[in-house]
Amino acid sequence: TPPPPLPASASSLAGLGFVAGSAARAVLHFFPDISVHGWEIDPAVVSASRDFFGLAELEAEHAARLSVHVGDALAASADAVAVPGGFGGVLVDLFAGGSVLPELQEMDTWRRIGRRMVAPGGRVMVHCGGPCVEAEEEGRGVEAVKDATLRALTAAFGHGMVSVMDVDESWVAMTGPAVSSAPEEAAAWKAKLPPELRRYVDMWRPCLL
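Residues numbered from 1 in each chain as written. Predicted model: local features only at pLDDT ≥ 70, side-chain atom pairs only at ≥ 80, totals over all residues. Heavy atoms only, no water.

**Q** Lay out the side chain of T149 with the relevant residues and their values.
**A** One can find T149 in helix α6 (residues 142–157). Those residues in contact with T149 that lie beyond four places of it in its chain are V100, L104, Q105, W110 and C128. (Helix = DSSP H or I, 4+ residues; strand = E, 2+ residues; numbered from the N terminus. Contact = heavy atoms within 4.5 Å.)

**Q** So what's going on with the sheet that holds strand β3 (residues 66–70)? Which residues, and what values?
**A** Taken in spatial order, the 8 strands make up an open sheet running β3-β2-β1-β4-β7-β9-β8-β10, and their pairing is mixed. With one partner strand each, in any of the chains shown, β3 and β10 (205–206) form the two edges of the open sheet. Where strand β7 (residues 118–127) and strand β9 (residues 170–175) come together, 3 bridges link them in antiparallel fashion. Bridged to H127 within β9 is V172. The sheet strands contacting helix α5 (residues 107–116) are β1 (12–16), β4 (87–92) and β7, and the helix crosses β7 at an angle near 140 degrees. (Pairing = 2+ DSSP bridges. Axes fitted to C-alpha atoms, helices over the stretch in contact; angles between N-to-C directions.)

**Q** Got a sec to walk through the side chain of R65? Specific residues and values, please.
**A** When you line up the elements, R65 lands in the loop between α3 (55–61) and β3. No salt bridge is formed by the buried R65, whose closest oppositely charged neighbour, D33, lies at an N-O distance of 7.1 Å. Here the side chain of R65 touches L28 through a polar contact of 3.3 Å, landing on its backbone oxygen. Residues contacting R65, with those up to four places away along its chain left out, are V27, L28, F31, P32, D33, I34, S35 and V36. (Buried < 20%, exposed > 50% of the residue type's maximum accessible area, 1.4 Å probe, protein only. Lys, Arg positive; Asp, Glu negative; His and termini not counted. Salt bridge = Lys/Arg side-chain N within 4 Å of Asp/Glu carboxyl O. Polar contact = N/O pair within 3.5 Å; in protein donor to acceptor, adjacent residues only side chain to side chain.)

Honestly, that's just the spatial picture; any functional story needs more than this.
Below is the structure:
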């Protein structure tokens, strides 16, 4: 959950790859001052999520804080952002064919997201794959795709501005200054998290690619 280290002036998050809204559900539950805009390309996924995974109830409960957009998340990143000044955080979970989208191995994609969607001082958090997924296309092994995604992120946001975490067979990356180098920020982040999530703050480490 990313809100605590985000700029106070930008109280909205964007979710690129919304699926059933599990990330949005956690953010809306733990952080009552945060609103969420989610993009999901497949209307059938959104429909099934509303019928079988409680998304309709989540939208009704948080009507003023949750907006679900059906459409291409990367196309949305090329348009004007949905909130003035940009989002304090952008959560990226975009897969196709069992692999992270090829566009996310391109520096220009991340520069566009950073420039057009992220507020000053905001962060991007990215699911970079892991052993939990298996690519359908030959030659797109999870390690190679993960490394290529991290290199593109680093090229776009700068060396020393990408951190990584390996948990539950998934790799996650986060842009911005390393939390491990700012003990006061890490402590403030932990203080705003429920006890069962605090240990994850210490798992971030600098990306060395």
